[in-house]
Amino acid sequence: MTTVAGLVPYLGGALAVGGVTVAATRRRELMVRWCVWALGVPLVTAAFWLGPPGIAVLVAVVGVVAVAEFGGLLLLGPVDRAVLDAAIVGLVLTAWLAPGEVLRVAAAGALAIAGVPLLSGDAEHGLRRLGAGLLGLVWLGTLAGLVSSGALGLVLFVAVSIADIVAYAAGRRIGGPRLSRLSPAKRWSGTLAGAAAGLLTLAVLSSLTWQTAVAVAVGGPLGDLLESMIKRGAGAKDAGRWLPGSGGILDRIDSLLVALAVLLVLK
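Residues numbered from 1 in each chain as written. Predicted model: local features only at pLDDT ≥ 70, side-chain atom pairs only at ≥ 80, totals over all residues. Heavy atoms only, no water.

## A few points about the side chain of D80
Cut-off, in case you're wondering: Only DSSP runs of H or I with at least four residues qualify as helices, and only runs of E with at least two residues qualify as strands; both kinds are numbered from the N terminus onward. With a 1.4 Å probe rolled over the protein chains alone, any residue whose accessible area is under 20% of its type maximum counts as buried; one over 50% counts as exposed, and the rest are partly exposed. In what follows, residue pairs with any heavy atoms lying within 4.5 Å of each other are defined as contacts.
By the element assignment, D80 lies in helix α4 (residues 78-97). We classify D80 as buried; its relative accessible area is 11%. With sequence-adjacent residues up to four places away left out, D80 is seen in contact with V116, P117 and R129.

## Digging into the layout of surface pockets
Counted only if it meets this: Here a cavity denotes grid points, spaced 1 Å and computed from the protein atoms alone, that fit a 1.4 Å probe unable to get out, and a pocket denotes an open set having protein on both sides within 12 Å along at least 5 of 7 lines; residues with an atom within 4 Å of a point are the lining. Grid points are joined across faces, edges and corners, and a volume is the space filled by probe spheres set on the points. For this scheme, ten residues count as nonpolar: Ala, Val, Leu, Ile, Met, Phe, Trp, Tyr, Cys and Pro. Four count as charged, namely Asp, Glu, Lys and Arg, and the remainder, Gly too, count as polar.
In this structure, the second largest pocket encloses a volume near 630 Å³. In terms of lining residues, the second largest pocket is bounded by 23 residues, among which G40, V44, L58, V62 and I249 are the most central. For the lining of the second largest pocket, the elements supplying multiple residues, two or more each, are α2 (28-49), α3 (52-73) and α10 (249-266). Ranked by residues supplied to the lining of the second largest pocket, first place goes to α2 with nine residues. By residue class, the composition of the lining of the second largest pocket is 21 nonpolar, one polar and one charged.

## Some remarks on the pattern of salt bridges
Definition in use: When a carboxyl oxygen of Asp or Glu is within 4 Å of a side-chain nitrogen of Lys or Arg, the pair counts as a salt bridge.
For the structure on display, the rule yields six salt bridges. The partner of K231 in a salt bridge is D251, and the shortest N-O contact between them spans 3.1 Å. You can see K231 sitting in helix α9 (residues 210-234) and its partner D251 sitting in helix α10, a full 20 residues away along the chain. D251 carries the same exposure label as K231, and that label is buried. Here the salt bridges do not stand alone but share partners, grouping D80, D122 and R129 into one network.

## Remarks on the packing of α3 against α10
The description of two packed helices rests on the angle between their axes and on the distance between the axes. Note the cut-off: Axes, fitted as lines to C-alpha atoms, cover a helix only where it is in contact. Angles between the N-to-C directions of the axes lie from 0 to 180 degrees. For classification purposes, an angle smaller than 35 degrees is called roughly parallel, one larger than 145 roughly antiparallel, one from 65 to 115 roughly perpendicular, and anything else oblique.
Here α3 crosses α10 at 110°, and the two axes come no closer than 10 Å. Between α3 and α10, the interaxial angle falls into the category roughly perpendicular. Of the residues in α10, those in contact with V62, V65, A66, E69 and F70 of α3 are I249, L250 and I253. In the contact of α3 with α10, the residues fall into seven nonpolar, no polar and one charged.

## Here we look at the packing of aromatic side chains
Going by this rule: Between the rings of Phe, Tyr and Trp (Trp by its six-membered ring), a pair exists once the centres lie within 6.5 Å; its type follows the angle of the planes, with under 30 degrees stacked, over 60 edge-to-face, and the other angles tilted.
Summed over all chains, the structure comprises two aromatic pairs. Between W37 and F157, the aromatic rings sit 6.0 Å apart at their centres with planes inclined by 35°, giving tilted as the arrangement. Of the two residues, W37 is situated in helix α2 and F157 in helix α7 (residues 151-174); the sequence distance between them amounts to 120 residues.

## Focus on the confidence of the model for the protein chain
Let me state the cut-off plainly: Confidence of the predictor in every single residue is expressed as pLDDT, which spans 0 to 100.
Here the protein chain averages 89 in pLDDT, while 97% of its residues score no lower than 70. Summarising per-element confidence for the protein chain, the mean pLDDT is lowest in helix α1 (residues 4-25) (80) and highest in α4 (97).

## Description of the nonpolar core
Stated precisely, the cut-off is as follows: Within this scheme, the nonpolar core is defined by two criteria: the residues are buried Ala, Val, Leu, Ile, Met, Phe, Trp, Tyr or Cys, and they are joined through side-chain atoms within 4.5 Å.
Counting 59 residues, the largest nonpolar core has L140 and L250 as the members making the most contacts within it. Looking at this core, the elements with two or more residues in it are α1, α2, α3, α4, α6 (126-141), α7, α9 and α10. In this structure, L140 is in contact with A66, V67, F70, I88, L135, L250 and L257, ignoring residues within four places of it in sequence.

## Comments concerning empty space enclosed by the protein
Scanning the model with the defined rule gives one cavity of 30 Å³ or more in all. One number sums up the size of the largest cavity: a volume of about 40 Å³. Lining the largest cavity, in full, are L76, D80, V83, L84, I113, V116, R129 and G133. Counting residues per element, the ones that place at least two in the lining of the largest cavity are α4, α5 (102-120) and α6.

## Description of unusual backbone geometry
Residue L75 is not a glycine yet carries a positive backbone phi of 55°. As for its placement among the helices and strands, L75 is situated in the loop between α3 and α4. Residue class for L75 comes out exposed when judged on its relative accessible area of 65%. With a phi close to 55°, S206 is a non-glycine residue in the positive phi region.

In structure tokens:
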């Protein structure tokens, strides 16, 4: 298994190659996106280098931003968002400080989320608020699994990111049947090419097992489709606009969330 320190040369090399490639295209959109990666990758790597405390802080911040985007897509009010925020941050901190209590805290979070529309007596939108809140807890709460993942969590993030990039490029170039009506731009050709690239990444980083393979090849694309379904239901193109060239944080971690969930189930 590759360590966080062992990943640094690979990540640095990938950024360098990507920078040269993007510069050669002279496409402003790609240059902006590469700059975001150049700033984000060292930050994420440093957090994983620090171990559970660093990962917990990083994941808690990501979770709060993700809840803001998720709440905006599903029209959750400030109280619903605040309770969901507390539930996600509580899960992350519990995964760090008292991992044996994660299920108990998750159940408490679900009850708190259900209590908001119930106590407000919202007969008109209560069911929608309840469903959205519980979906957010299950989907975004998966982030807590990164706290104890060590280098494997970072490897998974790298693998699904490379798979996404290859899937996008190959799908546009090769074409063919659509993967799903949820995301008309995605093609089976791109998904298969992306899965192959993700598995190759796992192999290069000495992390290829049948569990990680299923997580990247199956969980990654499903995560992408899940966010596409949510955005289509909300009539939005991106989860946010604050991340230059990338939309929002959910647009960057959608594949990782379900891939991580699959890995946690299979471990």
